[in-house]
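Residues per chain, in single letters:
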Amino acid sequence: MLEKLFTSKPRVKILHWFFQHPNQWFYARQIVKATKLDPGNTQRELEKLIELNLLIVKKRGSSRFFCLNKNNPYFSGLKQLFANYQHHNLESGSKPKNNRTGTGLKYLADQDPWMLGEDIPDMDFFFSQIWLSSFANEFKKTAGVAYKKIMCIFKGYHLWFYYGQDDSNKVGNWLVKRFLSKPEFTGKINQQIVYWSDKLRSFAEKIPQDNLAKLSNRRLWQLYDQHDKLHTIYYQWGWIPVAADMFHNNLTDALKDYLRGTGVAEDKVNEYLVTLTQPTKKSLLQIEQDEFLKIAIKIQNDHYHFKLFKELYKNFKEQEAAPYGLKTHTPEYEKMLEKRMDEIKDKIKPLILTLIQNHYRKYFYISFMWINSDAVYSFEHYLKELVKIVNSGTDLAKKYQDQEKEFKANLALRAKLIKQLKIKKPWSIIIDSWGDFMVTKIYRRFAQIFAIYQMQAILVEIAKRLNLSLMQVRFMLNSEVKAALLTGQLDRYQLKKRTRFCVYWVELGKEAVFVDDQARFLAKPVLSAKVKAVDEIKGQTGCIGRAKGKVKIVIRPKDMVKFNKGDILVSIATDPDIVPAMKKAAAIVTEQGGVTSHAAIVSRELGIPCVIGTKIATKVLKDGDEVEVDATKGIVKKI
C-alpha cells in the first residue's frame with residue numbers, strides 16, 4: 001500500500017485535505033472545490049484511496065460521501081506525517097543548520113522512486129548529517145547541481161540513505177556533460193579535494209584531546225561548528241567524482257561509448273577502461289604499505305634484528321600457539337602474539353625503533369571507522385605485523401622491487417594504449433583526472449577518518465556536560481547541539497527515540513527528523529523491498545581477471561576471522577579497516593561503488609579481480625557459496 005500512496009500528487013493533496021478534517025464526511029463536489037482539482041481526476045483518486053483502504057464510503061440517496069478510515073493500520077502514522085506536512089514544522093522545533101528554515105516537505109509526493117545510495121552498518125547521525133545535508137544544500141555551489149531529496153534511515157547505528165532514482169541519474173549526467181564541455185574542471189576538482197582535505201586535517205590536529213573540562217560551553221560549540229563547516233566544504237568537492245559515477249555509471253558508460261566509437265571491440269572495452277583510468281601516482285594506501293615494507297626490509301637485512309624477530313616468532317609458535325591449535329587468522333592468535341611484543345620492545349635499537357614509532361604515529365588512526373574510537377592500531381600491532389612479515393619466508397627487498405616494476409609496467413601499458421587509440425581532448429584530460437580521482441579519494445578519506453577520530457573527544461565531553469549518553473549526542477542535529485550548550489534547551493525524550501529508529505529527510509533549505517509511526521511509515525516501503533534469488537549477478541569492472549572460490553561476506557573487521565586465503569570477498573562496500581582480508585582474496589565483489597571506489601582502487605593496487613556496483617551481492621550470496629567471478633565482464637556466477 002505505502003509504495004502506491006506517494007506516486008500521485010493529486011492523491012496526496014486529497015489525503016492531505018481529509019487529514020485536515022479527520023472526522024468529517026464529504027461528497028465529491030466538496031472535495032473538488034476544496035482541492036481545486038479536476039472532477040474526473042478527483043473521482044479516480046478517491047476510488048484509488050478506497051482501494052488502498054484509506055477512505056471509507058457511504059451512500060445517502062444517490063450521493064456518495066467519503067471519510068478517513070481510522071481503522072487503517074497506518075492511520076496514526078499518516079496523521080502525524082500530514083500534520084508535519086500541513087504546519088511546516090520540523091520535529092523538536094529545530095531549524096536546519098546554517099539558518100535554513102522549513103516550508104514543508106515538497107518532495108513527499110513526487111513520483112521519483114527511491115534508490116539506495118549506501119548501506120553502512122556502523123554510522124552515526126553526527127557525521128552523516130554533514131554530507132547528507134550538503135548534498136541537497138551546498139553541493140550546487142561547486143558541482144552546479146544538487147540532489148532534490150534525500151532520505152536517511154537509522155536503526156541504531158545502521159544507516160541506509162536514499163536518493164530519487166531519476167534525480168541521482170540527472171546529477172550524474174549533468175556532471176559528465178560538464179566534464180566533457182570543461183575538462184579542465186576535473187583537474188580543479190582534484191586540486192580542491194587535496195586543499196580542503198589538508199584544511200580539515202590541519203583543523204583536526206588542533207582539536208584538544210585532554211583537559212576538555214576547562215573549555216567553556218561556547219568553545220565546545222565553536223569546535224563542533226567549525227568541524228561541521230569545514231567538513232561540509234570538503235564534501236562539496238569530494239563528492240563530485242562519486243556523484244558522477246557511483247550510482248548509475250554515468251562517467252563509466254560515457255567512456256565506454258567513446259571507446260566503442262574509436263573501434264574498440266566489445267570484449268576489450270572493460271579491459272581498456274581499467275588500463276586507461278589507471279592512476280599515475282600512488283595512493284596513500286600504497287604509500288603506507290611501501291613505507292611499512294621498507295621498515296621490514298631493514299629488519300630482514302639486519303642480522304641482529306632479524307634474529308631477534310625470528311626467535312620471538314619461533315618461540316611463540318612452539319610455546320603458545322601450537323598447544324591451542326590456533327590458526328593465524330583468528331583474533332585469539334593475533335591478540336596472543338601482540339602480547340608477546342613486550343619481550344622485544346626494549347631490545348630494538350633506536351634507529352629501527354624510531355622508524356616503527358614514526359609509522360605508528362603517522363597511521364595509527366586508519367582503521368578507525370566512524371563510531372568506535374577504540375578501533376585504532378596500537379604500536380604493538382605494527383610491531384606484531386613486522387614480526388609476521390619478516391618471518392614470512394619472502395625476500396622482502398625482491399618483493400618491493402617486483403611491485404615497483406609492476407607499477408611502472410602498468411603506466412607504460414597505459415601510455416602505449418593512449419597512443420594506440422589516439423585519445424584526444426576532452427577524454428585525454430578526463431582520463432588523467434580519473435586516475436587522480438582514485439588517488440585523491442584515499443587522500444581525502446585519510447584526512448576524514450583522522451578528523452572524525454579527533455572529534456570523538458569533543459562528543460564525549462558534550463555528553464558529560466549535557467548528562468546524555470554518547471549515542472544520544474551522536475543523534476543530535478547541529479542546531480540542537482548549539483541550543484543545548486548555549487541555552488540549555490534539550491529534548492531528551494526525542495533523542496532517546498532517535499537512537500532506536502529514526503528517519504532524516506533533507507531537501508533544499510529543509511531538514512526533518514521523524515520517529516515512531518512517522519519514521520516507520522516512511523521507511524517501510526524501502527526496507528521491506530525483497531530481492532529475488534538469482535544465480536548470476538552483474539556489475540562494473542573494478543579490476544580485470546577471473547577467479548573461483550567460496551564466498552565470505554565481510555562487512556567489518558570482526559567478519560575477517562572467517563576469511564581464508566583464496567576466498568571470494570563479498571561486501572556492501574569495502575573500507576580501509578578490511579584491507580587485510582582483501583589482500584587474501586581471490587576476488588572482490590561489492591554491492592556499491594563506482595570505478596573510483598575503495599574496492600576498485602585497492603583491487604587494482606593488489607592486482608585482484610574485482611566486480612563493483614552489483615547492488616545485490618550480499619543479499620543473494622551467502623557464506624560458503626561457490627562462485628566464479630569474471631571481473632573482465634563484470635559477472636559473478638554461482639557454481
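Structural data are supplied above this passage.
Think of each chain on its own: its residues are numbered from 1, step by step along the sequence as written. For this predicted model, a pLDDT threshold of at least 70 governs which residues receive local features, and a threshold of 80 or more governs which side-chain atom pairs are given and counted, while totals over whole chains, interfaces and linings are taken from all residues. Each side-chain value is derived from all of the structure's non-hydrogen atoms; neither hydrogens nor water enter the calculation.

**Student:** Residue-level account of unusual backbone geometry, with values.
**Tutor:** Trans is the common state for peptide bonds, and a negative phi is the common state for residues other than glycine. A cis amide bond links Lys425 with the next residue in sequence, Pro426, at an omega value of 5°. Mapped onto the elements, Pro426 comes out in the loop between helix H20 (396–421) and helix H21 (427–466). Backbone geometry places Lys615, a non-glycine residue, at a positive phi of 75°. In this text, helices come from DSSP runs of H or I with a minimum length of four residues, and strands from runs of E with a minimum of two, each type numbered from the N-terminal end. Along the chain, Lys615 turns up in the loop between strand E14 (610–612) and helix H28 (617–620).

**Student:** So what's going on with the sheet that holds strand E11 (residues 546–553)? Which residues, and what values?
**Tutor:** Reading across from one edge, E9-E16-E15-E11-E12-E13-E14-E10 is the order of the eight strands in this open sheet, with mixed pairing throughout. Strands with a single pairing partner mark the edges of an open sheet, and in this sheet they are strand E9 (536–538) and strand E10 (540–543). Taking each pair of neighbouring strands and ignoring which way they run, the sheet shows an average axis angle of 30°. Think of it this way: DSSP has to see at least two bridges between two strands before they count as a pair. Simply put, an axis is a line fit to the C-alpha atoms, just over the touching stretch for a helix, and the angle between two N-to-C directions goes from 0 to 180 degrees.

**Student:** Lay out the pairing of strand E6 (residues 158–164) with the relevant residues and their values.
**Tutor:** Type-normalised accessible area, obtained with a 1.4 Å probe on protein chains alone, sets the label of each residue: buried when under 20%, exposed when over 50%, and partly exposed for intermediate values. Counting buried positions along E6 yields six of seven residues, so the element is predominantly enclosed. Here six bridges tie strand E4 (residues 114–120) to E6, and the two strands are oriented antiparallel to one another. Its bridge partner lying in E6, Met115 is registered against Tyr163. Where strand E5 (residues 149–155) folds back onto E6 in an antiparallel hairpin, the turn is made up of two residues, including Gly156, whose phi is positive at roughly 60°.

**Student:** Go over the sheet that holds strand E1 (residues 26–27) with me, naming the residues and quoting the values.
**Tutor:** Spatial strand order, E1-E3-E2: three strands in an open sheet with antiparallel pairing. In this open sheet, the two edge strands, each paired with only one partner strand, are E1 and strand E2 (55–60). In this sheet, strand E3 (residues 63–68) lies alongside E1 in antiparallel orientation, the contact comprising two bridges. Bridge pairing in E3 places Tyr27 opposite Phe65. Running over the sheet, helix H2 (residues 9–20) touches E1, E2 and E3 and is turned about 75° from E3. Should any heavy atoms of two residues lie within 4.5 Å, those residues are considered in contact.

**Student:** Report on the environment of Gly238, specifying residues and quantitative values.
**Tutor:** Among the secondary structure elements, Gly238 is positioned in helix H10 (residues 217–238). It is 7.4 Å that separates the C-alpha atoms of Gly238 and Lys441, two residues lying 203 residues apart in sequence. For Gly238, the contacting residues outside a window of four places in its chain are Ile193 and Arg444.

**Student:** With reference to specific residues and values, describe the packing of aromatic side chains.
**Tutor:** Only rings of Phe, Tyr and Trp enter the pairing, Trp through its six-membered ring, and a pair is recorded when the two centres are within 6.5 Å. The plane angle decides the type: under 30 degrees is stacked, over 60 is edge-to-face, the rest tilted. Going through the model one piece at a time under the given rule, you end up with 45 aromatic pairs. Arranged with centres 4.8 Å apart and planes meeting at 25°, the rings of Phe127 and Trp370 form a pair that is stacked. With Phe127 in helix H6 (residues 125–137) and Trp370 in the loop between helix H18 (350–363) and helix H19 (379–390), this residue pair connects regions lying 243 residues apart in the sequence. For Phe127, a relative accessible area of 1% corresponds to the buried category. With centroids separated by 5.5 Å and ring planes inclined at 75°, the aromatic side chains of Phe368 and Tyr453 adopt a geometry described as edge-to-face. Separated by 85 residues along the polypeptide, Phe368 in the loop between H18 and H19 and Tyr453 in helix H21 bring together distant segments of the chain. Pair check on accessibility: Phe368 and Tyr453 agree, each one buried. Taken together, the ring pairs in this structure connect Phe127, Trp131, Phe135, Phe139, Tyr147, Phe161, Tyr163, Tyr234, Tyr235, Trp239, Phe247 and Trp370 into an aromatic cluster. In this structure, Arg178 packs its charged tip against the face of Phe185, placed 3.9 Å from the ring centre. To sit over a ring, a charge needs its Lys NZ or Arg CZ within 6 Å of the ring centre and within 35 degrees of the ring normal.

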